[in-house]
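Structural overview
Letter by letter, the chains look like this.
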Amino acid sequence: MAFVTLSASRHDDPTGSPSSTARPGTRTGRRGARRRAVALAATLTLATALAACTGGDPDPAASTAAPAVEADGARAAAPEGVVTLAEEDPAALALAASRTFFTTAPVAVVVPADVAEDAVAVGVAGALAERVVAPVLVAGDDAALADELARLDAAAAVVVAPEGTSVPGLGDVTAVHVDPAAVAPDGAVDEESLAGAADLAVQDVPATGTAETSTGVLALTDPATGSAARPAAATARASGATVVDAPGGDPRTTSEAVQAVAAAGATATVGLGASFGSPDDLAWRVEAAATGTELPGGGQLALPGKRYVALYGSPGAPVLGVLGEQDVAATIARAQEHAAWYQGFTDEPVVPTLEIITTVASGSAGSDGNYSNERAADLARPYVDAAREAGVYVVLDFQPGRTDFLTQVRAYEDLVAQPHVGVALDPEWRLGPDQVHLAQIGSVGVDEVNAVGDYLAGLVRERDLPQKVFLLHQFRTSMITDRARLDTAHPELATVVHADGQGGQEAKAATWSTLHRDAPAGLFWGWKNFYDEDAPMLTPERTWGISPTPDFVSYQ
């Protein structure tokens, strides 16, 4: 055995950066790194088998050996469209990533299964993989590891583990060891140690040609998967892919993810882990994130992660609520003021919001006989436009009388389709064929509500929009019949049940409790404060103290 000991100076770049250009082969362009290795402060042990020596005269044929033939360099694969790798086991996910991101690789980086839980070791493996352009494999299933090394046509494996660590499944592949403690003595990869390690680890590997890395490939990881996806992400980076964290398996979740996806301009996307769902699940989310459009408060998810405080009413109609008591600019300012009351209670952004009554319940049948006054879209448009510029969310509220909710919502599609606009249904003002307003509390069947949800979800997908707030007013259980069948599974929507009863606080608290009883899973919750009708109206502190804390608070 030959042992090499190196010393290194400190450098704190833990991973290096991905490349989308051709890279030198494993024996090219590293002389400078080897010279720098003299100054290292970590220890790297490399063991290689030495050829047996015998006495006597040398074999004359030994001087006539055939010239070495340079092997092909690593070649990154070219994924197409959107792919999801649903494996949950780190070894299986690493193998799937290798097959997805690499066509061939003369060198592979291998991490023993027990080392794969160590973030530092996997960081070293990933950094080495970027240096030599190689996938990172986790030794788990011996036969599967051997098959993948054969598929890659790998001649050598860099094992990230102390010398002497046994890794079954390598077969006749030349194995060299890199001790992660030598390259990352303090938990951070030392760049010069890494350069020396990468150079020495492949010094006895046959020379290879220029590596071909990928361009236009995006790899998404979910931080919640912890160590499981780290080797797979390292493989993606080594292949040239851009790697972006998408919390919860959804690239719409954070502003950082949305902007990174938009900047990537990818032609292919790979989701690493089961949380990304099916390719179809991920594809429309990626298309939405790629627009770079964000909701007020950041990202493309309306809920969770935000709170909303709204002014309720209709433009130019003070009798319908506080929204109509002032002009557009003053309304925006008042909504911002109300939201600011709550920001000190939470680290989540509190989004100022306008809930605009768009169709108003009417005491007369009107020319269309539906007892609903469909106000012109141009009355709401200045508020919608000003809200967009000010970072204010908008919810359009519908009171349909004898017509159905879907018909009315569709009539305002040009407003509804704007990224910062959601929809509210007010069943109190939904009439049967022979009913009139104020003779009873209105109601709607759940199938009609679900039809609106289906329409909105389709609109979001078709137009690559952020998630929309879908708000349902309710203060009696009878207002939404058969609510147990309410479809809350649309990831395009954040469905909110909004308790908008008025009066004494004891009665309002009882309504809140009743509405929560047997509620479908996946709902968010809203509360309304009435300036004139509540006795008394709750302060912001008391409103925030409601349990569970409302996601959406409105003022009328």
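**Comments concerning the overall build of the chain**
Secondary structure summary: the chain contains 16 helices and 21 strands in total. Sorting the 556 residues of the chain into buried and exposed places 54% on the buried side. Restricting the contact set of the chain to residue pairs at least 6 apart, pairs at least 24 apart contribute 79%. As displayed, the chain has an accessible area near 22500 Å², and 51% of this comes from carbon and sulfur atoms.

**Looking at the pattern of salt bridges**
For the structure on display, the rule yields 16 salt bridges. A salt bridge links D385 to R388, with the nearest nitrogen and oxygen atoms 3.4 Å apart. Of the two residues, D385 and R388 both sit in helix α11 (residues 377-390), three residues apart, roughly one turn of that helix. When its relative accessible area of 38% is taken as the criterion, R388 is described as partly exposed. Here E389 and R388 are joined by a salt bridge, their closest N and O atoms 3.8 Å apart. Looking at E389, the relative accessible area reads 65%, which means it is exposed. Connected via shared salt-bridge partners are D250, R252 and R285.

**A short note on the pairing of strand β11 (residues 307-313)**
Successive residues of a regular strand alternate their side chains across the two faces of the sheet. Burial runs high along β11: seven of the seven residues are buried. Side chains R307, V309, L311 and G313 of β11 all project onto a buried face; the interleaved residues Y308, A310 and Y312 project onto the opposite face, where all are buried too. With seven bridges connecting them, β11 and strand β12 (residues 350-361) associate as parallel partners. Counterpart to V309 in the pairing with β12 is P352. When β11 meets strand β21 (residues 552-555), the two strands line up parallel, connected through four bridges. What sits directly across from Y308, in β21, is F552.

**Overview of the environment of F398**
Following the sequence through the fold, F398 ends up in strand β14 (residues 393-398). Overall, F398 belongs to the buried group, its relative accessible area being 0%. For F398 and D426, which are 28 residues apart along the polypeptide, the C-alpha to C-alpha distance reads 6.0 Å. In contact with F398, other than residues within four places in its own chain, are T358, T359, F405, Q408, V409, Y412, V423, A424, L425 and D426.

**Looking at unusual backbone geometry**
The residue after L303, namely P304, is reached through a cis peptide bond having omega -5°. With respect to the helices and strands, the residue P304 is situated in the loop between α9 (279-290) and β11. That bond from S547 to P548 is cis: its omega, -5°, falls within 30 degrees of zero. Position of P548 among the secondary structure elements: in the loop between α16 (540-544) and β21. Phi at V133 takes a positive value of approximately 55°, unusual for a residue other than glycine. The backbone of D153 sits at a positive phi, close to 60°, despite the residue not being glycine. With respect to the secondary-structure elements, D153 resides in the loop between α4 (142-152) and β6 (156-160).

**Considerations on the confidence of the model for the chain**
The predicted coordinates should not be examined in detail at positions where pLDDT is low. Within the chain, residue pLDDT values average 87, and 86% of them lie at 70 or more. Counting contacts from residues 1-21, a segment whose pLDDT is below 50, to residues more than four positions away or on other chains yields 65 contacts. The low-confidence segment residues 24-69 (pLDDT under 50) makes 83 contacts with residues lying over four places distant or belonging to another chain.

**Topic: the nonpolar core**
Within the largest apolar cluster, 65 residues are counted, with the highest numbers of intra-cluster contacts made by F101, V109 and L128. Each residue touching L128, except ones within four places of it in the same chain, is listed here: V109, V158, V160, V178, L194, A197 and A198.

**Concerning the sheet that holds strand β8 (residues 217-221)**
The sheet built from four strands is open, its strands ordered β2-β10-β8-β9 with parallel pairing. Every other strand in the sheet has two partners, leaving β2 (81-85) and β9 (242-245) as the edge strands with one partner each. On average, adjacent strands in this sheet sit at an angle of 20° to one another, irrespective of strand direction. Against the sheet, helix α2 (residues 90-101) engages β2, β8 and β10 (268-272), with an angle of about 160° to β2.

Criteria and cut-off values
Residues numbered from 1 in each chain as written. Predicted model: local features only at pLDDT ≥ 70, side-chain atom pairs only at ≥ 80, totals over all residues. Heavy atoms only, no water. Helix = DSSP H or I, 4+ residues; strand = E, 2+ residues; numbered from the N terminus. Buried < 20%, exposed > 50% of the residue type's maximum accessible area, 1.4 Å probe, protein only. Contact = heavy atoms within 4.5 Å. Areas by Shrake-Rupley, 256 points an atom, 1.4 Å probe, with all protein chains shown as cover. Salt bridge = Lys/Arg side-chain N within 4 Å of Asp/Glu carboxyl O. Pairing = 2+ DSSP bridges. pLDDT = per-residue confidence, 0-100. Core = buried A, V, L, I, M, F, W, Y, C linked by side-chain atoms within 4.5 Å. Axes fitted to C-alpha atoms, helices over the stretch in contact; angles between N-to-C directions.

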